[in-house]
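Coordinate inspection notes
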Amino acid sequence: QVQLVESGGGLVQPGGSLRLSCAASRGIFGLRSMGWYRQAPGIQRELVATIASGGSTNYLDSVKGRFTISRDNVKVYLQMNSLKPEDTAVYYCNLVRTDFSDRTEVYWGQGTQVTVSS
């Protein structure tokens, strides 16, 4: 019932920058957080960055100081600077909400490819 549409991936050289964007298809009741995860072939999906509805953020240690997550209502962004080849992965937008029955629901975008290579 909730779709997440993301964009901004692409090919960039090491040291370059990209900005990922993601938007939910509608307003979200009980929004708890939005964020970004990534997955490379043969590697478990890992959290990159999240931002709670109250504004607190959480980052993967290896991206701290390089990536910045921000949110505007049901839109979330990931500014990625100083990109490294090891950042190459499919990046997935994530949204967590709680419904009227206090049930937690998790939604995922379809993923956008980020490739860092010279």
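These lines cover the structure that appears in this document, whether it is placed above or below. Since the model is a prediction, treat every value here as computed from it, not as a measurement.

What follows concerns the state of the cysteines. The tally for this structure, following the rule as stated, stands at one disulfide. Disulfide partner of Cys22: Cys93, at an S-S distance of 2.0 Å. Here the disulfide of Cys22 and Cys93 is left-handed, its torsion about the S-S bond being about -85°. Of this pair, Cys22 sits in strand β3 (residues 18-24) while Cys93 is found in strand β9 (residues 89-98), placing the two residues 71 residues apart along the sequence. In this structure Cys22 comes out as buried when scored by relative accessible area, which is 3%. Residue classification places Cys93 among the buried residues on the basis of a relative accessible area of 0%.

Turning our eyes to something else, we now look at the pairing of strand β7 (residues 67-72). Pairing analysis gives six bridges linking β7 to strand β8 (residues 75-80), with the strands arranged antiparallel. By the bridge assignment for β8, Phe67 is matched with Met80. Between the antiparallel neighbours β7 and β8 lie two residues, among them Asn73 with a positive phi of about 60°.

Turning our eyes to something else, we now look at the environment of Gln79. Tracing the sequence through the fold places Gln79 in strand β8. Taking the C-alpha atoms as reference, Gln79 lies 18 Å from Leu4; in sequence the two are 75 residues apart. The contact partners of Gln79, leaving out residues within four places of it in the chain, are Ser17, Leu18, Arg19, Arg66, Phe67 and Thr68. A polar contact of 3.0 Å, which involves the side chain of Gln79, links it to the side chain of Asn81.

Moving on: the environment of Ile69. Mapping Ile69 onto the fold places it in strand β7. For Ile69 and Arg19, which are 50 residues apart along the polypeptide, the C-alpha to C-alpha distance reads 9.8 Å. Discounting residues that sit within four places of it in the chain, Ile69 has contacts with Met34, Gly35, Trp36, Ala49, Thr50, Ile51, Thr57, Tyr59, Val76, Tyr77 and Leu78.

About the cut-offs
- Residues numbered from 1 in each chain as written.
- Predicted model: local features only at pLDDT ≥ 70, side-chain atom pairs only at ≥ 80, totals over all residues.
- Heavy atoms only, no water.
- Disulfide = S-S within 2.5 Å.
- Helix = DSSP H or I, 4+ residues; strand = E, 2+ residues; numbered from the N terminus.
- Buried < 20%, exposed > 50% of the residue type's maximum accessible area, 1.4 Å probe, protein only.
- Pairing = 2+ DSSP bridges.
- Contact = heavy atoms within 4.5 Å.
- Polar contact = N/O pair within 3.5 Å; in protein donor to acceptor, adjacent residues only side chain to side chain.

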